[in-house]
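Coordinate inspection notes
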Amino acid sequence: MASQIFNFGAGPAMLPQPVMERIQKEFLNFNDMGVGLIEISHRSKQFGEVLEKAKALFRELSGVPDNYKILFLHGGARMQFSALPLNLLARKQPRRAYYYETGNFSKLAFKDAQRYGDVRVLSSSVSTDFDRIPDFNLDELDEDASYVHLTSNNTIYGTRWNSFPDTGDVPLITDQTSDILSRQMDYSKFGMVYAGLQKNLGPSGMAIVVIREDLLGHAIPTTPVLMDYSVCAKDNSLTNTTNTFAIYTTMLVLEWLKEQGGVAAIEQRNNEKAGLIYELIDRTPFYSSVAQPAHRSMMNVTFTLPSEEMTDKFLKEAGAAGLYALKGHRNLGGVRASIYNPMPKEGVLSLTSFMEEFERKNG
Ligand SMILES: *Cc1c(COP(=O)(O)O)cnc(C)c1O
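Figured I'd write up the structure that's included with this text. (Residues numbered from 1 in each chain as written. Predicted model: local features only at pLDDT ≥ 70, side-chain atom pairs only at ≥ 80, totals over all residues. Heavy atoms only, no water.)

1. Let's talk about the sheet that holds strand 2 (residues 68-74)
For clarity, the threshold we go by: Two strands make a pair as long as DSSP finds a minimum of two bridges between them. Every helix listed is a DSSP run of H or I at least four residues long, and every strand listed is a run of E at least two residues long, numbered separately from the N terminus. Every axis in this analysis is a line fitted to C-alpha atoms, fitted for helices over the stretch in contact. Angles between the N-to-C directions lie between 0 and 180 degrees. Contacts were defined at the residue level, with two residues in contact if any of their heavy atoms lie within 4.5 Å.
One open sheet accounts for 7 strands, arranged 2-10-9-8-5-3-4; its pairing is mixed. Every other strand in the sheet has two partners, leaving strand 2 and strand 4 (118-124) as the edge strands with one partner each. Across this sheet, the average inter-strand angle for adjacent strands is 20°, counted without regard to direction. As defined by bridge partners, strand 5 (residues 147-151) adjoins strand 8 (residues 172-175) across 4 bridges and the pair is classed as parallel. Following the sheet pairing, Val148 is matched in strand 8 by Leu172. Here helix 2 (residues 45-62) sits on the sheet and contacts strand 2 and strand 10 (206-212); the angle it forms with strand 2, its principal contact strand, is near 125°. Running at roughly 160° to strand 3 (residues 96-101), helix 4 (residues 104-114) makes contact with strand 3, strand 4 and strand 5 of the sheet.

2. A word on the side chain of Thr174
As for its position among the elements, Thr174 is in strand 8. The contact partners of Thr174, leaving out residues within four places of it in the chain, are Leu150, Phe190, Met192, Val193 and Tyr194.

3. Looking at the sheet that holds strand 14 (residues 335-338)
Here we have 3 strands laid out as an open sheet, ordered 11-12-14, and antiparallel in their pairing. Among the strands making up the open sheet, the edge pair consists of strand 11 (288-289) and strand 14. Two elements, strand 11 and strand 12 (residues 300-304), share 2 bridges in a ladder whose sense is antiparallel. Following the sheet pairing, Ser289 is matched in strand 12 by Phe303. Packing of helix 7 (residues 262-283) onto the sheet brings it into contact with strand 11, strand 12 and strand 14, and relative to strand 12 it is tilted by some 15°.

4. Some words on helix 1 (residues 17-26)
To keep things clear, this is the line we draw: With a 1.4 Å probe rolled over the protein chains alone, any residue whose accessible area is under 20% of its type maximum counts as buried; one over 50% counts as exposed, and the rest are partly exposed. By construction, the arc corresponds to the directions joining the helix axis to the C-beta atoms.
Along helix 1, the residues that are buried comprise Val19, Ile23 and Glu26. Relative to the axis of helix 1, the buried residues are bounded by an arc of 80° and lie together on one face. Relative to its buried face, helix 1 has exposed residues pointing more than 90 degrees away, namely Gln17, Gln24 and Lys25.

5. Remarks on empty space enclosed by the protein
Operational definition: A pocket, in this scheme, is an open set of points on a 1 Å grid over the protein atoms alone with protein on both sides within 12 Å along at least 5 of 7 lines, while a cavity is a set where a 1.4 Å probe fits but cannot get out; residues line either one if an atom lies within 4 Å of a point. Grid points are joined across faces, edges and corners, and a volume is the space filled by probe spheres set on the points. Classification convention: Asp, Glu, Lys, Arg as charged; Ala, Val, Leu, Ile, Met, Phe, Trp, Tyr, Cys, Pro as nonpolar; all other residues, Gly among them, as polar.
On inspection of all chains with the given rule, the structure shows 5 cavities of 30 Å³ or more. One number sums up the size of the largest cavity: a volume of about 80 Å³. What lines the largest cavity is simply Phe72, Leu73, His74, Val225, Leu226, Val231, Cys232, Ser237, Leu238, Thr239 and Asn240. Put simply, the parts of the chain that give the lining of the largest cavity at least two residues each are strand 2 and helix 5 (229-234). Residues belonging to the lining of the largest cavity are distributed by class as follows: 7 nonpolar, 4 polar and no charged.

Laid out in structure tokens, this is it:
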């Protein structure tokens, strides 16, 4: 094993070292109770404080306005691909929604929603293999649509939206699973934001949903109770036994983020980190960027090498040098470095020195 490991996995992804250590320290004895947090009731006073703190920290760090509810739901981001149309499509007749198609997850979200109504693609970058964000194409948007959906950061292709379409009175919904709290955003522009926890916030299997209050109360009657956002909001995310460990971990990650100086400070660090890799890629034809420069993600940096054999060699040697999980998504191949909030700059510097050395030996 290499002396120090850096985990570039896309998700579940690395968490901040101090958070992991704190969990380890408190695991058997939470708050001097003599028992672990995962052993106590989700309705206990002690867990209630954890939940309220997680919500308050999220609100403070994101700047999300007061007329939005913050919910924790089961089933990760993918469950919201169905919960979203079930909750919002029937707001207006004829149950119409528009999706931007910018990669794998946006396609899945579209496909899942199609089961429930008249769901259309507003614009797509499929013809250029998702190497960019497409035109807004707002001319085609019907003002009576129930919502518009987009994926703010495309985890597999390594692209992101730098500015968002103004959809007027039609609520804009964003899947921010791979870039939530990694950059500053004006939440008042969105009707709803959701994210699986496992990339920037905590463990897998749960999602955070931030929804404007006036969008609650329109669920299709057959919506499963545990997927109904109004029920979840009324019960403060405690309709059934929630994943207390995931919410506790998220609270600790949010505390850590606040200590780092909050979203503005982490955004600057994220830009620096990604910039180091993109600069290297742009300096040499040995590495080629997958994403168009104007649409590059600061969270998932994707690139290719001259051949598949060379890619395999790169991944093997990187692994041996302690640089883990750099293999691109199975749909795309190549290399992907996921560098979410917790990835320290030293991890990125290890990667760029490895890349330089690898090119020197093999280029
Ligand atoms: C990882 C990811 C998902 C899937 O998340 P699950 O929690 O596994 O359902 C959805 N959307 C985006 C943008 C992602 O990066």
